[in-house]
Amino acid sequence: MRAVITGGAGFVGSHLCERFLAEGHEVLCVDNLLTGSLRNIEHLAANPRFRFMEHNISEPVEVDGAVDAVLHFASPASPADYLAHPIPTLKVGSLGTHNALGLAKAKEARFLLASTSEIYGDPEVHPQREDYWGHVNSIGPRGCYDEAKRFAEAITMAYHRFHGVKTRIVRIFNTYGPRMRLNDGRVLPNFMHQALRGEPITIYGKGEQTRSFCFVSDLVEGIYRLLLSDYSLPVNIGNPTEITVSQLAREIIDLVEGTKSTVVYHDLPEDDPKRRKPDITKAQTLLGWNPTVDRADGLRRTLEYFRTVL
Ligand code: UDP
């Protein structure tokens, strides 16, 4: 198989490139390096089945030769990043998805969209099932990401229904692991960075909001299975073990032995989802998928990585 992976130099994208190469496939990684980094893929550069194209997928793209799969992972994904780049975020979710779908259609390739639990906004249904339509503020600070991804899902379904493209949609819940950017602003890199430097751990709000954290290798396994499946409606992939942000802070402080960090409280950002946890029944029954890496192990492996980049 020859796969085009947009956003392949990002956190999740680089793990996907690695997985496809390990399965014996060819990979063309397309990335404009807005939030991705060549460091994430430098260990793949010597592989003759790997190619990198520096390109913004929001602009039309030309790819020579056959393509069997297009995986569209390009987008800023951390709230801090999409707040800093709202227009590129809207463009890559809309124009970028259109271009990636056009490539898949022209090459008669499968298409997989990286969608998100942000489709559900600040959810009023818990845990979140794929048939929940969501509770999104289109004009709030997170709207640029949420609505771009909602548009991306809509155009993906239109290409499926109207053009017959074989499409897949994965709704990714909070994911963590090596190659997250230390300064991407998300809770886990923030807390680990702060604990390693002995700086205050910044809890937003009272820390009672919840998230459910999935280790990146589990996510990649789910995505790989979904791509090979025949299922074209959205599938949640995430770890359903839910914890509060305060609990996460405690676990990270305990993990970083000898840290002098204490906890400080900042304002809760606008529209910050209060609870988030995937219902993964679909992934379990359709794909036979379950997360396998528990949080203690995943946090330890992620901390080891952050120590190397500090
Ligand atoms: N958060 C926090 N301190 C930080 C960064 C984030 O308390 O330094 C909180 C944030 O308000 C949210 C949760 O952690 O409730 C997860 O935030 P993140 O930015 O990782 O992503 P989200 O799940 O909101 O997309």
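Residues numbered from 1 in each chain as written. Predicted model: local features only at pLDDT ≥ 70, side-chain atom pairs only at ≥ 80, totals over all residues. Heavy atoms only, no water.

### Concerning unusual backbone geometry
Right, so step 1: Backbone torsion omega between His126 and Pro127 reads -15 degrees, so that peptide bond is classified as cis.
Right, so step 2: The residue Pro127 is located in the loop between strand S5 (110-116) and helix H4 (143-163) in this model.
Right, so step 3: Of note in the backbone geometry, Glu108 takes a positive phi value of approximately 55 degrees without being a glycine.
Right, so step 4: Within the secondary structure, Glu108 sits in the loop between helix H3 (86-107) and S5.
Right, so step 5: When its relative accessible area of 76% is taken as the criterion, Glu108 is described as exposed.
Right, so step 6: The phi dihedral of Arg179 falls on the positive side, at around 80 degrees, and the residue is not glycine.
Right, so step 7: With respect to the helices, strands and loops of the structure, Arg179 is situated in the loop between strand S7 (175-176) and helix H5 (187-197).
Right, so step 8: Classification of Arg179 by relative accessible area gives buried; the value is 14%. (Helix = DSSP H or I, 4+ residues; strand = E, 2+ residues; numbered from the N terminus. Buried < 20%, exposed > 50% of the residue type's maximum accessible area, 1.4 Å probe, protein only.)

### Considerations on the packing of aromatic side chains
Right, so step 1: Within this structure, the stated rule accounts for 7 aromatic pairs.
Right, so step 2: Between the aromatic rings of Phe20 and Tyr224, the centroid separation amounts to 5.3 Å while the plane-to-plane angle is 75 degrees, which identifies the pairing as edge-to-face. Here Phe20 is found in helix H1 (residues 11-22), whereas its partner Tyr224 is found in helix H6 (residues 216-228), with 204 residues between them in sequence.
Right, so step 3: Ring geometry for Tyr176 against Phe213: centres 6.4 Å apart, planes inclined by 85 degrees, an arrangement best described as edge-to-face. Taken together, the residues span a long stretch of sequence, with Tyr176 in strand S7 and Phe213 in the loop between strand S9 (210-212) and strand S10 (214-215) at a distance of 37 residues. Accessibility assignment for this pair places Tyr176 and Phe213 in one class, buried.
Right, so step 4: Within the aromatic cluster, the residues linked to one another by ring pairs are Tyr120, Tyr132 and Phe173.
Right, so step 5: Sitting over the ring of Tyr224, Arg19 keeps its end group 4.5 Å from the ring centre. (Phe/Tyr/Trp six-rings, centres within 6.5 Å; stacked < 30°, edge-to-face > 60°. Lys NZ or Arg CZ within 6 Å of the ring centre and 35° of its normal.)

### Digging into the packing of H5 against helix H9 (residues 295-309)
Right, so step 1: Where H5 meets H9, the axes come as close as 11 Å, and the angle between the chain directions of the two elements is 60 degrees. Considering the angle they form, H5 stands oblique to H9. For the pair H5 and H9, the sense of crossing is right-handed. Contacts between H5 and H9 involve Leu188, Pro189, Met192 and Leu196 on the former and, on the latter, Leu299, Thr302, Leu303, Phe306 and Arg307.
Right, so step 2: Counted by class, the contact of H5 with H9 contains 7 nonpolar, 1 polar and 1 charged residues. (Axes fitted to C-alpha atoms, helices over the stretch in contact; angles between N-to-C directions. Parallel < 35°, antiparallel > 145°, perpendicular 65-115°, else oblique. Left-handed = near helix turned anticlockwise from the far one by under 90°. Contact = heavy atoms within 4.5 Å. Nonpolar A, V, L, I, M, F, W, Y, C, P; charged D, E, K, R; others polar.)

### What to know about helix H7 (residues 245-255)
Right, so step 1: Within the span of H7, buried status applies to Val245, Ser246, Leu248, Ala249, Glu251 and Ile252.
Right, so step 2: Where H7 is buried, its residues touch H5, strand S8 (201-204), strand S12 (242-244) and H9.

### Focus on the pairing of strand S4 (residues 69-72)
Right, so step 1: Neither face of S4 is exposed, since Ala69 and Leu71 on one face and Val70 and His72 on the opposite face are all buried.
Right, so step 2: Pairing of S4 with S5, which is carried by 4 bridges, proceeds in the parallel orientation. Each residue of the ladder has a partner; that of Leu71, found in S5, is Leu112. (Pairing = 2+ DSSP bridges.)

### Describing the pattern of salt bridges
Right, so step 1: Under the counting rule described, the total for this entry stands at 21 salt bridges.
Right, so step 2: Two residues, Glu18 and Arg179, come together in a salt bridge whose shortest N-O distance is 2.5 Å. On the criterion of sequence distance, the pair formed by Glu18 in helix H1 and Arg179 in the loop between S7 and H5 is long-range, its members being 161 residues apart.
Right, so step 3: Salt-bridge contacts for Arg142 lead to Asp272; the nearest nitrogen and oxygen are separated by 3.9 Å. Here Asp272 lies in the loop between strand S13 (263-266) and helix H8 (281-287) and Arg142 lies in the loop between S5 and H4, a separation of 130 residues in the sequence.
Right, so step 4: Classification of Asp272 by relative accessible area gives buried; the value is 11%.
Right, so step 5: Among the charged side chains, a network of salt bridges with common partners joins Glu118, Arg142, Arg211, Asp272 and Arg276. (Salt bridge = Lys/Arg side-chain N within 4 Å of Asp/Glu carboxyl O.)

### As for the pairing of S5
Right, so step 1: By the criterion of burial, S5 is predominantly enclosed, with 6 of the 7 residues buried.
Right, so step 2: Bridge analysis of S5 against strand S6 (residues 167-172) gives 6 bridges, and the strand direction is parallel. The residue of S6 that forms the bridge with Leu113 is Ile169.
Right, so step 3: Each parallel crossover has a hand, and the one from S5 via H4 to S6 is right-handed. (Right-handed = clockwise from strand over helix to strand, strands pointing away.)

### As for the nonpolar core
Right, so step 1: By size, the foremost hydrophobic cluster in this structure holds 57 residues, and its most contacted members are Phe20, Leu71, Phe73, Leu188 and Ile223.
Right, so step 2: The leading source of residues in this core is H6, at 7 residues.
Right, so step 3: Residue contacts for Phe73: discarding those within four places in its chain leaves Thr6, Gly7, Val12, Leu16, Leu112, Ala114, Val170, Ile172 and Ile223.
Right, so step 4: In terms of nonpolar packing, the next biggest core, distinct from the first, is built from 24 residues, Val67, Val70, Leu101 and Leu113 among them. (Core = buried A, V, L, I, M, F, W, Y, C linked by side-chain atoms within 4.5 Å.)

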